[in-house]
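Architecture at a glance
Residue-level listing of the chains:
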Amino acid sequence: MTEAAPTRIYVDADACPVKDEIYRVAERHGLPVSVVAGSFIRVPTHPLIERIAAGSGMDAADDWIAERVQPGDIVVTADVPLASRCVKAGAEVLAPNGKPFSEESIGMTLAVRNLMTDLRSSGEITGGPRGFTPRDRSAFLAALDTTIRRIARRRPSPPAQPQT
């Protein structure tokens, strides 16, 4: 019986405001983190943290994450199309404000995102999303911790070692 790979946290890092929080939570749980950006990004020197410069091509970081993510992994992104790809791959996906993307919600979220993009491009809407707040940061920390614990409960326990 092969052992399931440990949960990995993938960070869509170019505009992620909660990277430091991810590092702290991942270290506490002993989980590896892949910090993926289009180009060089500074990350702490730690054996659990891997820096990936995916390239400058359109969606290079998104493609890198989507090609590797597996069920039981966690993706942190505000990018709705990437979230959709990762949810379809069976990953748990969180926005930096703690909002989970799920199979039940991703279709509507993607539709709203596309509508807003169309409205902005036609000049109907000129504002962007509201600013990131301390409450968002707190909600993200709680959601990440809850997600990690939920995944851990779903994983099979390792077989008991025979007593000698």
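What counts and what doesn't
Residues numbered from 1 in each chain as written. Predicted model: local features only at pLDDT ≥ 70, side-chain atom pairs only at ≥ 80, totals over all residues. Heavy atoms only, no water. UniProt positions renumbered as here; feature names shortened; annotations may be inferred. Core = buried A, V, L, I, M, F, W, Y, C linked by side-chain atoms within 4.5 Å. Buried < 20%, exposed > 50% of the residue type's maximum accessible area, 1.4 Å probe, protein only. Helix = DSSP H or I, 4+ residues; strand = E, 2+ residues; numbered from the N terminus. Contact = heavy atoms within 4.5 Å. Pairing = 2+ DSSP bridges.

The name recorded for the protein chain in UniProt is UPF0178 protein RPB_3201, from Rhodopseudomonas palustris. Taken verbatim from the UniProt record of the protein chain, the Sequence similarities comment is "Belongs to the UPF0178 family."

Here we come to the nonpolar core. I9, I22, V35, V76 and L144 are the most contacted members of the largest nonpolar core, which has 24 residues in total. Among the secondary structure elements, those contributing two or more residues to this core are β1 (9–12), α1 (19–29), β2 (33–37), β4 (74–76) and α5 (134–154). A total of five residues in this core trace back to one element, the largest contributor, which is α5. Excluding anything up to four places from it in sequence, I9 contacts I22, A26, L31, P32, V33, S34, I74, V76, L144 and I148.

With that settled, consider the sheet that holds strand β5 (residues 92–94). Within the open sheet, the six strands sit side by side as β3-β2-β1-β4-β5-β6. Their pairing is mixed. Edge positions in the sheet fall to β3 (49–53) and β6 (100–101), since each of these pairs with one other strand and no more. Inspection of the sheet shows β2 paired to β3 by five bridges, in the parallel sense. If you follow V35 over to β3, its bridge partner there is R51.

Here we take up the environment of V11. As for its position among the elements, V11 is in strand β1. Between the C-alpha atom of V11 and that of V36, which follows or precedes it by 25 residues, the distance is 5.9 Å. Excluding residues within four positions of it along the chain, V11 makes contact with C16, K19, I22, V33, S34, V35, V36, I65 and V76.

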